[in-house]
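Listed below, chain by chain, are the residues.
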Amino acid sequence: MGAHDVHDEQDTARTLRAISGELSDRFYERDDVVRTLVVTLLAGQHSLVLGPPGTAKSEMARELTGRIEGASYWEILLSKFTSPTRMFGPIDVAALARGEYRQVYDGRATTAHIAFIDEIFKCSTAALNETLGYLNERIYHPESGGEPISCPLIGAITASNELPSGEDLAAIYDRLLVRIEVGYLADPSNFAALVRSAVRRPVPQTRTTIELAALQQAVTDGVPAVEVPDMIVDAVCTLRAALRRRELVASDRRWRQSVSLLQASAYLDGRPAVAETDLSVLTHVLWDSPAERPAVEREVLQLVNPDAKEALDLADVIEELETQLDAMAGQSREALSEWVIKKAHNKLATAGKRLEKLRLEAAGSGRSTAAIDRVAGRQRAVRARVLTEALGMDASMVQAQL
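For the structure given in this document, a descriptive report is provided here. (Residues numbered from 1 in each chain as written. Predicted model: local features only at pLDDT ≥ 70, side-chain atom pairs only at ≥ 80, totals over all residues. Heavy atoms only, no water.)

### Topic: the packing of helix α10 (residues 230-245) against helix α12 (residues 293-304)
Orientation of α10 relative to α12, taken along the N-to-C sense of each, is 150°, at an axis distance of 10 Å. Every pair of crossing elements has a handedness; the one defined by α10 and α12 is right-handed. Residues Ala235, Thr238, Leu239, Ala242 and Leu243 of α10 pack against Val296, Glu299, Val300 and Leu303 of α12. Broken down by class, the residue content of the contact of α10 with α12 amounts to seven nonpolar, one polar and one charged. (Axes fitted to C-alpha atoms, helices over the stretch in contact; angles between N-to-C directions. Helix = DSSP H or I, 4+ residues; strand = E, 2+ residues; numbered from the N terminus. Left-handed = near helix turned anticlockwise from the far one by under 90°. Contact = heavy atoms within 4.5 Å. Nonpolar A, V, L, I, M, F, W, Y, C, P; charged D, E, K, R; others polar.)

Structural data, given as structure tokens:
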């Protein structure tokens, strides 16, 4: 790779980081989701955003794909009655009147560079095989027969409110390499900011975009050129063994495909080789049911850096306090205040200080702070809930207290 190429690749990575930052500012508590979606696209893979309605899944996908200048974008909300022709190309009625059977592909999945498929697991039986071929091989078989059509798809972002049921849909689920869980906003101060944003006149936001050609160049040349050192191969083997001991088994294909995600993560950060910090993206790859995700996350993050185990232990303490707060719903303000004074306040304050120290140590050693930041976000959210729900503080005032 020449010096000019390296400069171009660095420009592309810088632009994508700017886009990630802008989207993270716009969508509260979604930093990791946004970064993971960008990494997945860079790797030329497909993602699933799993979560209840009203968690900005569609909006995030549209906003991200809208930043790719010159890309053909296609989106659809699937139902059990969606026909393959509606997805891949309706029949040309005018041609049919002349006795010709032809499909119109413009503006459909067949010509899209980026696809957003909402309610992916409501895919009809009729469309199942074509959808699998589209996701797997980027091809579509025309209704009239003949040669399969090659589709320019870089990657699909899919969304669902629920996991698939039935063997047919399991095949599609397996093709979605990255699985990201999203929930409703946890931090009351973020929720207050969300409510405020609905009544304020929107301030014009910086809107960084990237050319389609630059993204394609990154996917086909830049990302595959990122080096994967032997120590990363060894770490992946160690992780596989650790997960197998917990009876968490991913297919060989998923492991192999995940290498491109590690390369894409390093590329996005502007690094020429994969580092241990990139392994954290695997927390979104190696689970089948959401119940398995915490165990996968623990194994991955303990491998990534030595701070992670303590951060995850603190996360357990924070989660236990949140469970206690939920269990105390309906109790008197006096009982809640007593619980805060005797238990919650000190534990949350201690966790916050320790996380702050862990973050400084990690940053000072050049290690990723993503895991610590995520736990710190939970600590702030639970502390904000304690202040608003147990002590009666106004949510709009909480931000100043954190």
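### Here's the deal with the state of the cysteines
Following the criterion strictly, the structure yields zero disulfides and no others. As a non-bridged cysteine, Cys123 has Cys151 as the owner of its nearest cysteine sulfur, 15 Å distant. With relative accessibility at 4%, the residue Cys123 sits in the buried group. (Disulfide = S-S within 2.5 Å. Buried < 20%, exposed > 50% of the residue type's maximum accessible area, 1.4 Å probe, protein only.)

### Some details on the nonpolar core
Within soluble globular proteins, side chains that are nonpolar tend to cluster in buried spots. Core analysis: the largest hydrophobic core is formed by 86 residues, its most contacted members being Leu42, Tyr134, Ile172, Leu282 and Leu286. Ile172 has contacts with Ile120, Phe121, Cys123, Leu128, Thr131, Leu132 and Leu135, leaving out every residue within four places of it along the chain. Grouped together as the second largest cluster of nonpolar side chains are 21 residues, Ile318, Met328, Ala376 and Val382 included. (Core = buried A, V, L, I, M, F, W, Y, C linked by side-chain atoms within 4.5 Å.)

### A look at the pairing of strand β7 (residues 155-160)
Extensive coverage of β7 is indicated by the burial of six of its six residues. As paired elements, strand β1 (residues 47-50) and β7 share four bridges and run parallel to each other. Paired with Ser47 across the strands is Ile157, a residue of β7. Of the pairings in the sheet, the one linking strand β4 (residues 114-118) to β7 comprises five bridges and is parallel in character. Within β7, the position partnered with Asp118 by the bridge is Ala159. (Pairing = 2+ DSSP bridges.)

### As for the pairing of strand β3 (residues 73-77)
Along β3, the buried face is formed by Trp74 and Ile76; none of Tyr73, Glu75 and Leu77, which line the opposite face, is buried. Bridge count for β3 against β4 is five bridges, and the pairing is parallel. For Trp74, the partnering residue across the bridge sits in β4 and is Ala115.

### Remarks on empty space enclosed by the protein
Under the definition given, this model contains one cavity of 30 Å³ or more. Empty space within the largest cavity amounts to approximately 60 Å³. In terms of lining, the largest cavity is formed by Leu16, Ile19, Val38, Leu41, Leu42, Leu64, Ile68, Ile210 and Leu215. Listed by contribution, the elements that provide at least two residues to the lining of the largest cavity are α1 (3-26) and α2 (31-42). Considering each element in turn, the lining of the largest cavity owes the most residues, three residues, to α2. Of the residues in the lining of the largest cavity, the class split is nine nonpolar, no polar and no charged. (1 Å grid on protein atoms, 1.4 Å probe; cavity = no way out; pocket = protein on both sides within 12 Å on 5 of 7 lines; lining within 4 Å. Points joined across faces, edges and corners; volume = space filled by probe spheres on them.)

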